[in-house]
Amino acid sequence: MEKYLSLFTEYNIPAAFWVNIQLTFWAAIGALVLGTVLAMMRISPVRSFAAFGTGYVNIIRNTPLTIILLFGVLALYNQLGFTLSSDFDQNFFNLAVMGLAIYHAAFVCEAIRSGVNTVPVGQAEAARAIGLSFFPAAREVILPQAFRGSVVPLGNVLIALIKNSTVAAVSSVAIEASSVMKQMLEFESNLIIPIFATFAIGFVIIVIPVGVLTTWLSKKLAVAR
Amino acid sequence: MNPTVSAIPGFTGYVMVKLGNDLAYVGRKVRMIQLTSAKVFHMSTDSTVSSAGSQTTPIVKLTDVNKHYGPLHVLQNINLEVTKGEVVVVLGPSGSGKSTLCRTINRLETIDTGSIQIDGEVLPEEGKALANLRADVGMVFQSFNLFAHKSILENVTLGPIKVKGMKKAEATTLAISLLERVGVANQKDKLPAQLSGGQQQRVAIARALAMKPKVMLFDEPTSALDPEMINEVLDTMIGLAKEGMTMIVVTHEMGFARKAADRVIFMADGQIVEQATPEQFFTNPQSARAKDFLGKLITN
Ligand SMILES: Nc1ncnc2c1ncn2[C@@H]1O[C@H](COP(=O)(O)OP(=O)(O)O)[C@@H](O)[C@H]1O
Ligand SMILES: [Mg+2]
């Protein structure tokens, strides 16, 4: 037990989780913005936009996240010299956020589109009938209702994102949870089960409230019809 | 008193005869006339209406309109002109193309051939011009379609603010006066789902009116309502008709057609089969389809 508790002084476990929360936070904002734009493209009457949105979703959603994050570090940074910060560690962090956002945007897009499907077609017709063109109709009428109808699927994307943030280990974000766990397992071979349990429980503690919150929010925000 | 006045050619709108401070409704299809002295009538100087005697531009004009849904020829060579202030009721069996006709007039549905003009302007294909012209055509749906996440007031102010660029305060004043006119101003802060069907449909009428449309389309506005709420909506519509609104109304309410319509159009299988005054149509229908249709109504 003493040995176990000493892990917490030797390794900064909360700081490791904090890195994952930060990765998740920024990637979630990026994915939400990009995913919303993609969803608008997919529902837009302009064929080429809709085709781009469909292509993006089908390609990115079916590509493993590890491949996307490795591409960011090995191809964009190592080979092409693409950087997102002059600070060495911050650059890897930003590249990981970018990769996570690009990947999860595809899922956000589909979650919002499922929300759009909860909005009766009459809402869009009424918006068009008073003279709103595509963007104002989307912004004022369709998307606000679509977001309310997609709280649960968006919550599921967020949960996946929290867990997937550990894949940032492959893009050299060294101090996030899975990287720290890897070090600990290497050096503390007699404590592998408690170490695993610590990280597993840590993620459960982060993820469960998100699920509870989205369920509550989806009920609270549901559009009465 | 109606027939003699409304027979004046080239006038549209209503005769308002000023008696003291009250404006009395005299008849339809005649421009506003003010009785300033015992025998002298002054015409209002409304620039959109041409001088007496000449033809006015129809508010809605459909020329040889055809539309297909796959193999179904849903609108067949439709020609229709609706003049300012006219109230046209469209009757016909289910599936005859009445809704499709309504929906093509503000381009919720496209047409294959022919042309549709609103106040002399051909309906644009898309974009801002289409949005602008749509604002001139108010539409009231069978299922109300109020914006479910917005308050009653916001439902009415959205169009004026976002389409016409009206200031919020001005739009609110306008909206409240329209909501008062349809009798639901006291509900202005509620959400649509908190209102009865009849109240929702009256809000939908106010929402359309807020755009100051040149013509209002009604597609079975009372068909989704409980019987006790039908009249409150019909009364609102009759009020509008009396104030000179140009209206195209798809309805099964024969009472409304008799009371408010200038003209009845009977559709069957995508064609306009018959047009007449309500009086003529109900008492002396010409076509077999119309006789059959009216016969079924009476036995029901
Ligand atoms: N979007 C559509 N796709 C295919 N067929 C349609 C569509 N909308 C309507 N129709 C068909 O067109 C015909 C006319 O419909 P509609 O205009 O709704 O008739 P009405 O309003 O007179 O009952 C019907 O046979 C209907 O099934
Ligand atoms: Mg119909």
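Residues numbered from 1 in each chain as written. Chains lettered and ligands numbered in written order. Predicted model: local features only at pLDDT ≥ 70, side-chain atom pairs only at ≥ 80, totals over all residues. Heavy atoms only, no water.

S.K.: What exactly am I supposed to notice about the overall build of chain B here?
M.R.: Counting its regular elements, chain B contains ten helices and 14 strands. Classification of the 300 residues of chain B by burial places 53% in the buried group. For chain B, the computed accessible surface area is about 13800 Å², with 52% contributed by carbon and sulfur atoms. (Helix = DSSP H or I, 4+ residues; strand = E, 2+ residues; numbered from the N terminus. Buried < 20%, exposed > 50% of the residue type's maximum accessible area, 1.4 Å probe, protein only. Areas by Shrake-Rupley, 256 points an atom, 1.4 Å probe, with all protein chains shown as cover.)

S.K.: Help me understand the nonpolar core, please; the structure alone is not making it clear to me.
M.R.: In a soluble, globular protein the nonpolar side chains are often hidden away together inside. One finds L23 of chain A together with V60, L62, I105, I118, L217 and I248 of chain B to be the most contacted residues of the largest nonpolar core, which totals 79 residues. Of the residues forming this core, the biggest block, 14 residues, is contributed by helix 5 (residues 88-116) of chain A. Counting 54 residues, the second-largest nonpolar core is a separate cluster that includes M166, L179, F256 and F293 of chain B. (Core = buried A, V, L, I, M, F, W, Y, C linked by side-chain atoms within 4.5 Å.)

S.K.: Help me understand the pairing of strand 12 (residues 247-250) of chain B in this model?
M.R.: The side chains of a regular strand alternate between the sheet's two faces. Residues and elements named next belong to chain B. Residues M247 and V249 of strand 12 are buried on one face, and the alternating residues I248 and V250, pointing to the opposite face, are buried as well. Strand direction decides the pairing type here: strand 7 (residues 87-91) and strand 12, joined by four bridges, are parallel. Residue V89 lies in a different strand from strand 12, and its bridge partner there is V249. In this sheet, strand 12 lies alongside strand 11 (residues 215-219) in parallel orientation, the contact comprising four bridges. If you follow M216 over to strand 12, its bridge partner there is M247. (Pairing = 2+ DSSP bridges.)

S.K.: Is there a simple way to think about the site of ligand 1 in this case?
M.R.: Residue and element names in this part refer to chain B. Around ligand 1, the surrounding shell consists of Y69, L72, V74, P93, S94, G95, S96, G97, K98, S99 and T100. Between ligand 1 and G95, the relevant distance is 2.7 Å, taken from an oxygen atom to a main-chain nitrogen or oxygen of the residue. Note that an oxygen atom of ligand 1 is positioned 3.1 Å from one of the backbone N or O atoms of G97. If you tally residues by element for the shell around ligand 1, the top one is helix 2 (residues 98-105), at three residues. Split into classes, the residues belonging to the shell around ligand 1 amount to four nonpolar, six polar and one charged. (Near = heavy atom within 4 Å. Polar contact = N/O pair within 3.5 Å; in protein donor to acceptor, adjacent residues only side chain to side chain. Nonpolar A, V, L, I, M, F, W, Y, C, P; charged D, E, K, R; others polar.)

S.K.: How should I be thinking about unusual backbone geometry in this particular structure?
M.R.: Residues apart from glycine generally show negative phi values, whereas peptide bonds are mostly found in trans. Residue and element names in this part refer to chain B. Backbone geometry places D119, a non-glycine residue, at a positive phi of 50 degrees. Mapped onto the secondary structure, D119 falls in the loop between strand 8 (113-118) and strand 9 (121-122). On the basis of relative accessibility, which here comes to 27%, the residue D119 falls in the partly exposed class. Phi is positive for K212, close to 50 degrees, though the residue is something other than glycine. With respect to the secondary-structure elements, K212 resides in the loop between helix 6 (197-209) and strand 11.

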